[in-house]
Structure formats: C-alpha cells, structure tokens
Amino acid sequence: MKAIAVNGALARALDFRNYGVNFFAGALLALLTILVGAPVLMVMLMSLRTGFPGEGGPLTLTNFVQAYTDPGTYEILLNTILFATGTVTVTLLFAVPLVWLLMRTDMPLKGTVYVLMTVGILIPVFLRTIAWILLLSPRIGLVNQWARQIFGMEQPLVSLYNIPGMAFIQGVSFVPAAFFMLAAAYRTMDPALEEAAYTSGVSKLQTFLRINIPITLPAIAGVMVYLFMTAIAVFEVPAIVGLPARILVLSSLVYTSTNPPTGLPNYGLAGAYGGIMLAAGLILAYFYVRLVRQGKKYTVITGRGYRPREIALGKWKWSALAFAMLYLSMEVFIPFLVLVWTSLLPHLRLPSMEALSSVTLKNYVTIMDYAGTRPFINTAVLMFGVPSVTMLVSVLVSWVVIRTHVSFRGILDTMAFLPHALPSILLAVGLAYLGLAYRNVFPVYGTIFIIVIAHTINWIAYGTRTTNSVMIQVHRELEEAGKVSGASTPRVLGRIVLPLVAAGVFNSWIWVSMLSYREVTMALTLYSRKNVVISTVVWQFWGNGWVPEVAALGVILIAFALIVVGALKLGFSRLGEYGSGS
Amino acid sequence: MIRIRGLKKWFKTRHGQVEALRGIDLEVGEREFFVLLGPSGCGKTTTLRCVAGLERADQGEIEVGGTTVSSPEKGIYVPTEKRDIGMVFQSYAIWPHMNVFQNVAFPLIKGRRQIPRHQVAEKVSQALKLVQLGGLEDRPATDLSGGQQQRVAMARAVVTEPTILLMDEPLSNLDARLREQMRLELRKITRSIGVTTLYVTHDQAEALSLGDRVCVMNEGEILQIGSPQEVYSRPQNLFVAQFVGEMNFIRGRLSGDGQVESPFGKVRCALPQGCQRGSEVTLAIRPEHLTLQPRAAAGAACVEAKVLTKNYLGDAALLEVDACGVNLRVKLAGDAAFAVGEKAVLVLPPDRWSVYA
Ligand SMILES: Nc1ncnc2c1ncn2[C@@H]1O[C@H](COP(=O)(O)OP(=O)(O)OP(=O)(O)O)[C@@H](O)[C@H]1O
Ligand SMILES: [Mg+2]
C-alpha cells in the first residue's frame, strides 16, 4: 500500500508538465528577485561601506552615524513630509471633485476633459515645472516681469521657489494618475447606495457626507497613501525648483550625494539616506495594499440594474466646467503655451507687438547642432526596448499568477508589485553602484542598457497590474479547451492566451513606451556621455541656462508624444484608462 | 395612492433616442399591492424610478398621495428625498460601512421624517422584528447573506412608514426556495403595515401570487390591467396571453356565422370586436383546460389525438399531443395514465377558447 502511495506521489512530482510549469515559475521568480533585489541589496550594501564603489573594505555604520547625527537631516525629513503632504492635498483638491463631475454629473464637454487629462500625463513633469518657473520665477518669470512693468513693483509678486510652490506643481502633475485610480474605484460602486439614501428622504448634502464619502474613503485613502509614497520618491520638482532654492528633500539629497556639484560622490551617505526612503516606501506600500483590500469589500458588483444616473447640475453646469478648465490650464494649457511662446523668441520676454516681430523658428533649427543624433537614437532604443521587455515579463508573470496553481504564485505577484514601493531614484542609484562596483559581472554602466534595465524594473509593477486584470477577463475555459484538445502549455499560451490579451497588452505597451520616453530621474542618475536621451538633454540645456532651446526641445517632445498617442487612440478608445500607473 | 397620467420618457443614448415609456396611465388605490409585469426592457424599472423621482419624466403627471410630484408641463418636479416613499432596490443597496442597526436607523435620523433620538432604537427594533431579523442589530452589513440583506432593505424601506412602497425585483437575487418563502412574507408585511405598494417583476408567477392587481407592460406601453384572475383567464391580447402562463395557439379563420374555422372544425366562441368576415384570427386555449380521455363521451367537442411526448412533473404531467395535424400541449394530473404513442380523445371545452385578431 505504502509503496503505491509513494509511487503515486513520485509520479505526480515527476509529471513532466507540472514540473515544467513549476520550473518555469521558479525561473521567473528568480529573475524578478534578482531584478528587484539587486538594486535594493546594493543600496543596503553601499550604506554600509565608505569610499568609492568597488573599493571594498569592512562593513561599517559610519554612514548612518554621519547621516543621522546631523541636525540638517531632520530638517530635510521635515521638508520631505511637508512637500509630500502639500502635494497630496493639492492633488486631492482637484482630483476628487473632478472624478465626481466626470463620473456622475452632466457637466458639458466631459469627453474633451477626459482626453485632455490623458494629455496631461504625456507632458513630462520636468517640462511643466520649467514652464511654471518661466512664468513665476522671481527674477525672469513672466508674471513678475509683468508686475514690475505695470505696477513698478520692486519685490516679485509671487515666487515658486518654496515648499508650497513645489507642492503646487507636483500636486497638479499627480492629478491625472489620482483621477484614473479613483475613477476605477468609483466605477465599481453601486449607484443604488446613493439612491437608497434619497428614497429614505436624506438630502443630497447629507447623502454625500454620510454615504458617498464614507464608502469612497478606503479608495481615497488608498490613493492618498499611494500619492504620499510617490511624492516622497519624486525627484524632478525637488531638483528643478528645490535645489536652486536650497530646499532639499530626501530624493534630491540622495541625488546630490551621488552627483555633488563639487567634490566627490558619496555613495555611502546616499545609501544611508536612501534607507529611510526605502523603509517609508515599504511601510506605505503595505498600508496601500491593505486599504485596497478594504475598498474591495465595499464594492458590490451586481451587474444587473447597474446604470449610474447623471446628476443634473442645472445652473452650476458652467461653474463645473470652469473648474475643470481651471485645472486643465494649470496642467496643460499654460505650461504648453509658455513653452511655445518661449521657444519662438531669442530670449524670454512678455508678449508685445515688439516681441511678436522677433518671433523666429531659429531655436528649433539649432537644437540639432547642440544635441546631435545620439539622444534620439538612444530614446528610440528606450521606447521599444523597455515596453517590450516589460510586457513580456508581465504577461508571463500574470499568466503564472492568474492562470496556474503554482504554490508560490502569491510571492511572485508581490515581488512584481514591489517596484511600486521602490523609489526610482534609489533603484537607479543602486544599479549605478552595481555597475560601478561589479563592472566585470555587470558590464553595462554608462550604456543605454542600464537605463533600459532600470526602466523595466520600475514599470514591471505597472505592467503586471494591467496584465493581471486583462488575464482575469479571459475565461479560463478558453484555455482549458485548448488543453483538452491536446495542445502543450507553451502552445496554449502562445496560440490562445496571447492573441486574446493582445489588445490590452498592446495598450500597456504604448503607455510604458511613453512613460519611458518622458522619464528623466533614472536616466539622469545613470547618465553618461554615451547614454544621453532626449529628456536628459533638456535637463542639461536647462542647467546651462539655454532657455529658448529648452522650450523648443520641450515642445517637440510633447508634440511627438501627442501625435503618437493621438494616432493610436483613433484605434484604441480605451487608452486613457491605462494611464494610472505613472 | 399613486396616479400616473400620460407618462412618457425618452433616453438619449449615443445611438439616438430610446422611447422607454410611451404614455403610461395607471392608478394604484389606497393600500393596494400593484404589480408591474413585463419582459426585460419593457420599461417597468423606468416607471418605478419616475415615481421615485430617480428619473425625470419627459411628459405626463405623477401624483403620490394626492399631491403632484412630477409634471414637466407645469414645471413641477419634487426631488426624491422630498417624496413620501420607501424603496427596495434589486441590489438591496445596503450601505456597506454601516451595521444593520445603522442602516435601518439612518432614514429616521437623517431622513424626511426625523424622530426624537430616544425613539429611534424602538422603531428600528420594531422594523427588524417585522422582517424577522431581531437580534442582528450589530452585524456589519458586509457579513449578511443575500436573504438577510433583502430583509434589511425591507426594514429600511418601511421604517419611516411611507405612504407608498416601491420595489424593483426585490426577490430576483435570491435562490428559488428562499424566493417563495420571502414572497409570502412580503405579502404579510405589506398587509400588516397597510402600505400602498408598487412592485416590479418579470416573473409571472410572482406577479399573480402577490398582486391585488397586475399590470402587464410591453415596449413602454400598458397592455392590460386587472386582477390576477382576470389577467390570467381573460388576456386582452395575444401578447398578454402568451406572456402570462402557458397557452396553445391555433390559427383560424372567421366564418360567416360568427364561428371560427379551425383544424378541429368550427369553434363557437366570443369574438373580438371589429373582425371582418374571412379574416385570419388566432385561437388560444390553456393546456390545463384541455383533457384527454380514453374514448369519446357524448355531448363534448372531441377530436382524435396521439400522445407525442410526456413530461412528468410530479404533481402534473405535461403532454404534447398531435390532433388534426396541430401540436398542442395538455396539462393533466400527475397520475394520468397516457403513454407516449398512445391514441386518445382530446376534449375541447367550448367556453375556454379566446380569440385574437
Ligand atoms: N439610463 C438609460 N439610458 C439609456 N437607455 C435606458 C436607460 N434606462 C433604461 N433605458 C432603456 O429603456 C428601456 C426600458 O428600460 P427598463 O430598465 O425600464 O426596463 P425593465 O422593464 O426594468 O427591464 P428589466 O426587466 O430587464 O429590468 C430599455 O430599452 C432600456 O434599454
Ligand atoms: Mg428593471
């Protein structure tokens, strides 16, 4: 008896197909663990070492002692928290009303607002920041120039170079992401919950306060935590606005430690500062996952009778539209117009007849002389390489997670989600350290491939989230029908699953491509003369003070993104919904 | 009391306008249980939601308890929260962030008829006892079964003692056995509190067993209003005849002498008005009104028939027979001894026929 049982178990364990799937899943897990684990490990390692990468030496806590006995560090921590809190506040102030207006009311021009919101994602944060500086900088800003001219003001009217200014720009930039996340949560909510309150005689205001808000609270809290986590990690605004104003936050501190304006890079100290970012990221990610789970409990997907009614705004219609337009001006119109205006002039000045007469396209022509062709080639490599690798890994991971019974599929899913919690600047610093210290095993430092790797790791979290949901929608029976008819597992995956999920995967491919195209933080951290991309060129131009050229290249950057996405959107009407992972 | 006159409603969709209601007229009396019955998409829910004010009518008047609550012509629209109604939703719409007590108490605390705080607990426990949920006050809403959610929704709808109660397929999400049990209870509850009820369903058995009166709708129009007996035994048109209960249809032609020529010979019955001589008509008869006998009996209209299939249901047997080249369904008692292939005599009671143009 016993022998037979053992034999049976053995046979099962040795069953080739099962073994194959398990082996494959194991290999995927190993790959992800290396991809996500290596940079994290490097950050830890470098925090425990002094000297240059690769010098070795004993492990020590010197860096931590130095970092956390300096009172300046705590000031920076406070700055970080203030900046992140301000950012989240600004974002929610716009995103929550916008979700309600677009999802539940009869506000006019909803479709247009929706599309422009997507456009907002395509304008890189650093370009929006630069545009707002051109407008509000105390010295050169157009608004302050104008104030001087009209009122003869000595003092600048407004300045962006402070924490509220930073939070404002960052907050506005987060709105589309927050909007799409909240909208997705809102869509699964039963509108009858609200109607049940009305039929109980509860007023609209009380219903909003007592029903809508509490039910959406887990979703809003989830988005808040997510935004906070991201706001701690962002680098562009803290670098462009914060560094000149000497307002440091954690991310810019990590950057200046590894890329100091003077002196030698100190990776050890960067690692010590990074440790606290990493811890904060992981803790917040944990809360985020819990809140999302709580929110799911509140959604009853009834299917039948689900038909959200549009609330008639009546005379408030136009105020609602004005609110949406106010937001869109800050997010899209004003930055874009400022860039276009700046790009057409020899130097930044207020609009006037005289200025108009000096309008020229010269800046667009001279860009090529300054930039050369290399950044364009490198950017093209990113735009094809990153999404292809990311989506390939994502599809494979999602297939194991959603479709197989592999025992460790949960771990695989968590591992794929982890990059969300990993600040991209740390990811890049970790990879840079790896490339510098272990040149012989990882010989990609300074090439475009190290940026491809960094981007891929960063967007695997986003990629797997979308492929997971796409995969869930494909009925398991379709796949089982393939198996029953005798096809092998790889063949089922290639011939049945892949074609069915192709549209959704392609959508995310486009998005990852666009996000990679506009990414600057990691590209900059891993920058060398050889792997320069368009976004880092803009950054360098800005650093050199070539304002009109920055504007011209920025306009080209945005216009190209708009053309690509616009053309594809004609074929894919649902593209906008995938923008949330930025 | 509810009075609806000339109610029309259009929906604007991407593909143009949908005319959901094409002029609804009906009156629901005091304490009456009134059922709207019809196939999917006929406008039942839309009618109910117009009465609740969740949907704005485009034309026509709605009166609730003597006051006009909606009349686009006169520019009257009373918002939902000001109407004296209670409503049970198909999805129950139990607020997930509250427990059972809070769900039922919310209309009393924040609603149209607020009562002093110290009376709330008593009212709530009365309502919960009514739906047999006493003792579950502290249960979180997310931990309730489907049937319990249904009861909470019911308690919440009646706790304010509204003059009318609206229900949109409240039993359709329950399984069959529970549905029958809840049907009886629903009836008991509405009777005991004496509320005027407008009830929507697409299940004809539910409509017949619950309603004081039943209103059959199709494509945004009312086809017949009457007591369940009337609607079942005297359907006013073909659609009602085939939608409510089982029915056999036979093609026929009106002959000169006020009879209908059919494959079974001439049938004498009450004719619809305005039928021309020689025009095509449809004869209808219910399966349970047909009987089979071993041999012909004197004095009854009979034809030869052959049993084609037999579907045994326990208490009844549904037979398909061929008579004079026509397939007919016959419902007999379960113990009827006719076997497939057997020849028999089909009795056609003359007073059971209806005729439709
Ligand atoms: N919000 C809406 N937008 C567009 N069309 C609608 C809307 N609500 C209802 N309709 C249309 O109006 C018609 C009547 O719908 P209604 O919901 O009243 O049907 P119903 O009788 O309740 O059907 P069911 O039994 O399936 O619930 C249908 O053709 C439906 O498609
Ligand atoms: Mg309905």
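To be clear, the structure that these remarks concern was listed above.
Everything numeric in this text was worked out from a predicted model, so none of it was measured.

## Focus on the site of ligand 1
Working step 1: The environment of ligand 1 is formed by 13 residues, the closest being B:S40, B:G41, B:K44, B:T45 and B:T46.
Working step 2: Surrounding ligand 1 are residues belonging to chains A and B, so the site spans chains.
Working step 3: B:C42 places a polar main-chain atom, nitrogen or oxygen, 3.2 Å from an oxygen atom of ligand 1.
Working step 4: Here an oxygen atom of ligand 1 and a side-chain polar atom of B:T46 are 2.5 Å apart.
Working step 5: For ligand 1, whose unbound accessible area comes to 630 Å², protein coverage reaches 76%.
Working step 6: Those elements that place two or more of their residues in the shell around ligand 1 are β1 (2–13) and α1 (44–52) of chain B.
Working step 7: When residues of the shell around ligand 1 are assigned to their parent elements, the largest contribution, three residues, is made by α1(B).

## Examining the sheet that holds strand β7 (residues 85–88) of chain B
All names here are of chain B.
Working step 1: Sheet architecture is open: six strands sit in the order β7-β8-β9-β3-β10-β11, paired in mixed fashion. Only two strands of the sheet have a single neighbouring strand rather than two, namely β7 and β11 (221–226). Strand-to-strand twist in this sheet, taken as the mean axis angle between neighbours without regard to direction, amounts to 20°.
Working step 2: Seen against the sheet, helix α4 (residues 146–158) touches β7 and β8 (164–168) and runs at an angle of roughly 175° to β7.

## Let's talk about the interface of chain A and chain B
Much of the literature gives interface size as the accessible area that the parts lose upon coming together.
Working step 1: On the side of chain B, 28 residues touch chain A, which itself brings 24 residues to the contact.
Working step 2: Summed over both partners, the interface of chain A with chain B comes to about 2,300 Å²; 61% of that surface belongs to carbon and sulfur atoms.
Working step 3: Where chain A meets chain B, there are two salt bridges.
Working step 4: Here B:R49 makes a salt bridge to A:E195, at a shortest N to O gap of 2.9 Å.
Working step 5: Joining chain A to chain B, the criterion identifies six residue pairs in polar contact (both at pLDDT 80 or more).
Working step 6: Secondary-structure elements contributing two or more residues to the side of chain A that touches chain B are α9 (192–199), α10 (204–233) and α13 (267–298) of chain A.
Working step 7: Of the residues belonging to the side of chain A that touches chain B, the class tally is 10 nonpolar, seven polar and seven charged.

## Remarks on the nonpolar core
Working step 1: The biggest cluster of nonpolar side chains holds 187 residues, and the ones touching the most others in it are A:M107, A:F126, A:L431 and A:M514.
Working step 2: Counting 43 residues, the second-largest nonpolar core is a separate cluster that includes B:F33, B:V88, B:A155 and B:V159.

## A word on helix α24 (residues 534–544) of chain A
Working step 1: The element α24(A) is largely enclosed, with a buried count of eight among its 11 residues.
Working step 2: Among the residues of α24(A), A:I534, A:S535, A:T536, A:V537, A:V538, A:W539, A:F541 and A:W542 are the ones counted as buried.

Cut-offs applied
Position numbers for residues start from 1 in each chain and track the written sequence from start to end. As they are written, the chains are lettered A onward and the ligands numbered 1 onward, keeping that order. Local features in this predicted model are restricted to residues of pLDDT 70 or higher, and side-chain atom pairs are both shown and tallied only at a pLDDT of 80 or more, whereas totals for entire chains, interfaces and linings draw on every residue. Neither water nor hydrogens contribute to the side-chain values; these are computed over all heavy atoms in the structure. The cutoff for a nearby residue is simple: one of its non-hydrogen atoms must lie within 4 Å of the molecule or strand. Residues adjacent in sequence count toward polar contacts only when both atoms are side-chain atoms; beyond that, a polar contact is any pair of N or O atoms within 3.5 Å, and within protein one must be able to donate a hydrogen and the other to accept it. The Shrake-Rupley method, run with a 1.4 Å probe sphere, supplies the accessible areas, and residue values consider only the shown protein chains as cover. Comment: elements are numbered from the N terminus, with helices defined as DSSP H or I runs of at least four residues and strands as E runs of at least two. Only strands joined by at least two bridges in the DSSP assignment are considered to pair. Only C-alpha atoms enter the line fits that serve as axes; for helices the fit covers just the stretch in contact. Angles between N-to-C directions range over 0 to 180 degrees. A contact between two residues is defined here by any heavy atoms of the two lying within 4.5 Å. Using a 1.4 Å probe, buried area is obtained as the accessible area two parts lose upon being combined, added over both of them. Criterion for a salt bridge: a side-chain nitrogen of Lys or Arg within 4 Å of a carboxyl oxygen of Asp or Glu. When residues are grouped by polarity, Ala, Val, Leu, Ile, Met, Phe, Trp, Tyr, Cys and Pro land in nonpolar, Asp, Glu, Lys and Arg in charged, and all others, Gly among them, in polar. To define a nonpolar core, start from buried Ala, Val, Leu, Ile, Met, Phe, Trp, Tyr and Cys residues and group those joined through side-chain atoms within 4.5 Å. Relative accessibility decides the category of a residue: with a 1.4 Å probe and only protein chains considered, values under 20% of the type maximum give buried, values over 50% give exposed, and everything between is partly exposed.

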